[in-house]
Amino acid sequence: MLRARGRGAAPWGRRWSGRVLWALLALLALGSILLSLRGGQARAPGKLVPVAEVLDGDTIRVRLNGKVETVRYLYVDTPELHHPQRGEEEFGREAWEANRSLLASGEVGLSFDRQRRDKYGRLLATPMVRSHDGGWVWVTEELARRGLCLAMEVPPNDSGTWRIRAAVAEAKANRRGLWGPSASRGRGYTEGQLKSVAGKLLGRWVRVSLVVRSVSVSRSGGVTIRGDGNFLFVQSYRGVWDFDSIRPGDRLVIWGCLSRSPRGWHVRWVDPAQRME
């Protein structure tokens, strides 16, 4: 558990750090817009490989070196389509359909970062396709720009996260995709209000407001933020936010997809943009 500190001038520090973060995200969004005006050019991949199957918004199968490989997209997390525990989440089908549309040519280029496979043996890569002007664009960046994914950084693969965060910031500012209902009053709930309606909202995007009871960090870097209503928790990980700045008694508002696991009801916080000011 993180130790609570004296309140004093801390709120000013938290407001300042939040303003700085959002100023940076705004600059990234501007950079993303400028990139799109220039055609969103990306470095050409080494070669194109056939797409064997589009599994969901961020996972495909390709034919590579004589066998079929599963590819998990880098830097993004799309709503689930057929998760064994979380089932189909809101906007999961839209993300899958957009992914299929972007890969309609049947071929994709793969760009790798430092680590090429995850613990499940999947290839980790950024998918690239030809743009209308003959250049190359990231499929993931386009999904983010349409509001159909969140930015998710999993070290040591981090060289392209900034591009996705910029596109996410653009989508959020324009209320595209999963950001569309984020300002709706009908999507806002306190922890107490969720207790009676959570079953009806499973898999839907909600704006959750809770008063922080505790913040704990595991050895693996996982972060659990529990509300004082003892009903809901926010699941995150180091690198998403400065969690030392979140203290018991603070009010935290997160835009996330409501899930349930053996640990209880929760929302996942993987992208800084999910915190609503």
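Please read all numbers here as calculations on a predicted model, not as lab measurements.

The helix and strand inventory of the chain stands at 5 helices and 14 strands. Considering the chain as a whole, with its 277 residues, one finds that 52% of them fall into the buried category.

Let's shift gears to the pattern of salt bridges. Following the criterion strictly, the structure yields 16 salt bridges and no others. In this structure, Arg176 and Glu170 form a salt bridge, with 3.1 Å as the shortest nitrogen-oxygen distance. Here Arg176 falls in the partly exposed class, since its relative accessible area comes to 29%. Each of Glu141, Glu142, Arg145, Arg146, Arg163, Glu170 and Arg176 takes part in a single network of salt bridges with overlapping partners.

Further remarks concern the pairing of strand β3 (residues 67–73). As judged from the 6 bridges shared by strand β2 (residues 59–64) and β3, these two strands associate in the antiparallel manner. If you follow Arg63 over to β3, its bridge partner there is Val68. Where β2 folds back onto β3 in an antiparallel hairpin, the turn is made up of 2 residues, including Asn65, whose phi is positive at roughly 55 degrees. One ladder, built from 3 bridges, connects β3 with strand β6 (residues 123–130); its direction is parallel. Bridge pairing in β6 links Val71 to Leu123.

A separate point is the packing of aromatic side chains. As enumerated under the stated definition, the model contains 5 aromatic pairs in all. Seen in terms of ring centroids, Tyr75 and Trp138 are 6.0 Å apart; in terms of plane orientation they differ by 20 degrees. Their pairing is stacked. Taken together, the residues span a long stretch of sequence, with Tyr75 in the loop between β3 and β4 (76–77) and Trp138 in strand β7 (residues 136–138) at a distance of 63 residues. Trp138 carries the same exposure label as Tyr75, and that label is buried. Relative to Trp265, the ring of Phe231 lies with its centre 6.3 Å away and its plane at 25 degrees, an arrangement referred to as stacked. Separated by 34 residues along the polypeptide, Phe231 in the loop between β11 (222–227) and β12 (232–237) and Trp265 in strand β14 (residues 264–268) bring together distant segments of the chain. Through successive ring pairs, a cluster of aromatic residues spans Trp241, Phe243 and Trp269. The aromatic ring of Phe112 is capped on one face by Arg116, whose charged end is 4.0 Å from the ring centroid. Sitting over the ring of Trp138, Arg163 keeps its end group 4.4 Å from the ring centre.

Our next topic: the confidence of the model for the chain. Predicted coordinates in areas of low pLDDT are best not read in detail. Of the residues in the chain, 83% reach a pLDDT of 70 or more, and the chain-wide mean stands at 88. Scored below 50 in pLDDT, residues 32–40 makes 16 contacts in the model with residues more than four places away or belonging to other chains.

Moving on to the side chain of Ser245. The residue Ser245 is located in the loop between β12 and β13 (251–261) in this model. With a relative accessible area of 9%, Ser245 lands in the buried category. At a separation of 2.6 Å, a polar atom in the side chain of Ser245 contacts the main-chain carbonyl oxygen of Asp242.

With that settled, the discussion passes to the nonpolar core. As a rule of thumb, nonpolar side chains are buried together in soluble globular proteins. Core analysis: the largest hydrophobic core is formed by 72 residues, its most contacted members being Val108, Ile225, Phe243, Ile246, Leu252, Leu258 and Trp269. For Ile225, the residues in contact, after removing those within four places along its chain, are Val212, Ser214, Val215, Leu232, Phe233, Val234, Phe243, Ile246, Leu252 and Trp269.

Quick look at empty space enclosed by the protein now. Enumeration over the complete set of coordinates arrives at 1 cavity of 30 Å³ or more. Taken as a whole, the largest cavity encloses approximately 90 Å³ of empty space. Asp77, Thr78, Pro79, Arg86, Glu89, Leu150, Trp205, Cys257, Ser259, Arg268 and Val270 are the residues that line the largest cavity. Split by residue class, the lining of the largest cavity holds 5 nonpolar, 2 polar and 4 charged.

Of note, Leu150 is situated in strand β8 (residues 150–151). Dropping the residues within four chain positions of it, Leu150 is found in contact with Tyr75, Val76, Asp77, Ile164, Val168, Leu178, Trp179, Trp205, Val270, Asp271 and Gln274.

In a regular helix each residue adds 1.5 Å, so 13 residues correspond to 18 Å; helix α4 (residues 161–173) covers 18 Å between its end C-alpha atoms and thus fits that length. Across the 13 residues of α4, 11 count as buried, placing the element largely inside the fold. What α4 keeps buried is the set Thr161, Arg163, Ile164, Arg165, Ala166, Ala167, Val168, Ala169, Glu170, Ala171 and Lys172. Phi turns positive, to about 55 degrees, at Arg175, one or two residues after α4.

The rules behind these values
- Residues numbered from 1 in each chain as written.
- Predicted model: local features only at pLDDT ≥ 70, side-chain atom pairs only at ≥ 80, totals over all residues.
- Heavy atoms only, no water.
- Helix = DSSP H or I, 4+ residues; strand = E, 2+ residues; numbered from the N terminus.
- Buried < 20%, exposed > 50% of the residue type's maximum accessible area, 1.4 Å probe, protein only.
- Salt bridge = Lys/Arg side-chain N within 4 Å of Asp/Glu carboxyl O.
- Pairing = 2+ DSSP bridges.
- Phe/Tyr/Trp six-rings, centres within 6.5 Å; stacked < 30°, edge-to-face > 60°.
- Lys NZ or Arg CZ within 6 Å of the ring centre and 35° of its normal.
- pLDDT = per-residue confidence, 0-100.
- Contact = heavy atoms within 4.5 Å.
- Polar contact = N/O pair within 3.5 Å; in protein donor to acceptor, adjacent residues only side chain to side chain.
- Core = buried A, V, L, I, M, F, W, Y, C linked by side-chain atoms within 4.5 Å.
- 1 Å grid on protein atoms, 1.4 Å probe; cavity = no way out; pocket = protein on both sides within 12 Å on 5 of 7 lines; lining within 4 Å.
- Points joined across faces, edges and corners; volume = space filled by probe spheres on them.
- Nonpolar A, V, L, I, M, F, W, Y, C, P; charged D, E, K, R; others polar.
- Expected span 1.5 Å × (residues − 1).

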